[in-house]
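# Analysis of the macromolecular model
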Amino acid sequence: MPTRAPSSPGRRRRRASPPAPSEAGAPAPSSLPPSPKKPRAPRTPRARLSPRGRAALFAIAGAVSTVGLALLALVLGYGHLHAPDAGTTVELDWPAGLDSDEAAALLARHDLVRNEGAMAMFLRTTGGTGAFVPGPHLLPQGLDPWDLRHLLERSSKRPTTRVTIPEGYHRFDIATRLEKLRVAGKNAFLRASADPLLLDELGIERKGALGVESAEGYLFPATYDFPLDTDPKEIVRRLVTEADRRWAALATQHAAGFASLRNTLGYGRREILILASIVEKEAVQADERPLIASVFLNRLLDPTFKPKRLQSDPTASYACFSEPDVVPACAGFTGKITPAINRDAKNRYSTYVNDGLPPGPIANPGAPSIEAVLAPSATKYLYFVAKGGGRHTFSEALDQHNEAVRKLRATSPSAERPE
């Protein structure tokens, strides 16, 4: 049997190599057909912006950036916009047509904002100043920017407060209370309540020859709800509307008394309100109102009582509120009536030197005092004097009255002047 020759030492058996490709780099043959190549999608040509389009795009980007920076500044500096609350209010007449920069400058000038520039930015980025209402405004210090905006716009979002006007308050008292409650400025309310056009609009009877005219006597004392920084004219309208409503009811209820005053003294609503305002200021106890009204009416109607002077201290003191520069005795007035004020010949409101009623109401009477004039007690009293505890002694004759005065002075030397 033939045998294979043994291999030489160190000689290794060679393995078969795959067949070489026909060309360098060519793929090896395969039994599968080649995959078809996908055609490449055509490129969409880029749209080129016109110079105007590029400018608009840059403008939009700049505006967005500006607004973003402004909002960031507001967020970071919001607490530093409003001035510290010093417990005071600023009464100003807001001009029409101010832009954001001018509005911020005006607010800063009155110490209502701390940072003028930040406030101007706030106004620009929150709607501008087009909705701001020109005219009188009462702006408290220490408000945040949104509250200031709401007040200047007279927005329905501003808070309301309850205002109680007591019986016997005159318009100067009302003005002080409105300002204290931040409803309206004192000076603005006084101007509104003496505005001739507004008085005519409201149908308030005026006596042009009597001098300063106002809505005094027609501002009905009651409790009202008003928004902060209310237009003073709107306040006057509302108070007068309430007075008209109350008067209509009382005049109907006491039609006979109204007719009697018209027939005997020629009184209309205005004269009745004047007398009712005096009763309101003189009376302390409710049950004495008809008695005090009877004293004044008896003096006016009794043909033997001359001169026809009511001699009421509150009438004389009213001049020191309404026209202090006209009455020399009002100099240094502190609220307390003096004999000099009563006797000053230039005091048109003094019923010690002038016959009959004063030129106008001296306060705003409530319904009970108006009713007391329309339905006074049936008496013959011509005098009364305080006797303490808010009550009075009433007398028909002068000697009785003098005796009551003597007793009063013996027990109280500092007693008020008797009527």
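These figures come from a predicted structure and were not determined experimentally.

### Considering the pattern of salt bridges
Under the definition given, this model contains 18 salt bridges. Measuring nitrogen to oxygen at the nearest pair gives 2.9 Å for the salt bridge that ties Asp244 to Arg269. Remark: Arg269 occurs in helix H10 (residues 269-282) and Asp244 occurs in helix H8 (residues 232-253); sequence separation between them is 25 residues. Using a relative accessible area of 28% as the deciding quantity, one classes Asp244 as partly exposed. The salt bridge partner of Arg289 is Glu280, with a shortest N-O separation of 3.3 Å. Neither residue differs from the other here; Arg289 and Glu280 are each classed as buried. Here the salt bridges share partners, and the residues they tie into one network are Glu167, Glu280 and Arg289.

### Looking at the UniProt feature "site: Important for catalytic activity" (unreviewed entry) in the protein chain
When the UniProt feature table is mapped onto this chain numbering, "site: Important for catalytic activity" (unreviewed entry) sits at Glu282. The topology assignment puts Glu282 in helix H10. The class of Glu282 is buried, set by a relative accessible area of 7%.

### Here's the deal with the state of the cysteines
Should the sulfur atoms of two cysteines be covalently bonded, the bond is a disulfide. Summed over the entire model, instances satisfying the criterion amount to 1 disulfide. With a sulfur-sulfur separation of 2.1 Å, Cys320 is cross-linked through a disulfide to Cys330. Handedness here is read from the sign of the S-S torsion; for Cys320 and Cys330, about -80 degrees, the answer is left-handed. Here the residue Cys320 occupies a position in helix H12 (residues 313-322), and Cys330 occupies one in the loop between H12 and helix H13 (339-343), the gap between them amounting to 10 residues. Accessibility assignment for this pair places Cys320 and Cys330 in one class, buried.

### Quick notes on the environment of Ala120
For Ala120, the position within the fold is in helix H3 (residues 116-125). Along the sequence, Ala120 and Ser100 sit 20 residues apart, while their C-alpha atoms lie 5.2 Å from each other. For Ala120, the contacting residues outside a window of four places in its chain are Ser100, Asp101 and Ala104.

Calculation rules
- Residues numbered from 1 in each chain as written.
- Predicted model: local features only at pLDDT ≥ 70, side-chain atom pairs only at ≥ 80, totals over all residues.
- Heavy atoms only, no water.
- Salt bridge = Lys/Arg side-chain N within 4 Å of Asp/Glu carboxyl O.
- Helix = DSSP H or I, 4+ residues; strand = E, 2+ residues; numbered from the N terminus.
- Buried < 20%, exposed > 50% of the residue type's maximum accessible area, 1.4 Å probe, protein only.
- UniProt positions renumbered as here; feature names shortened; annotations may be inferred.
- Disulfide = S-S within 2.5 Å.
- Contact = heavy atoms within 4.5 Å.

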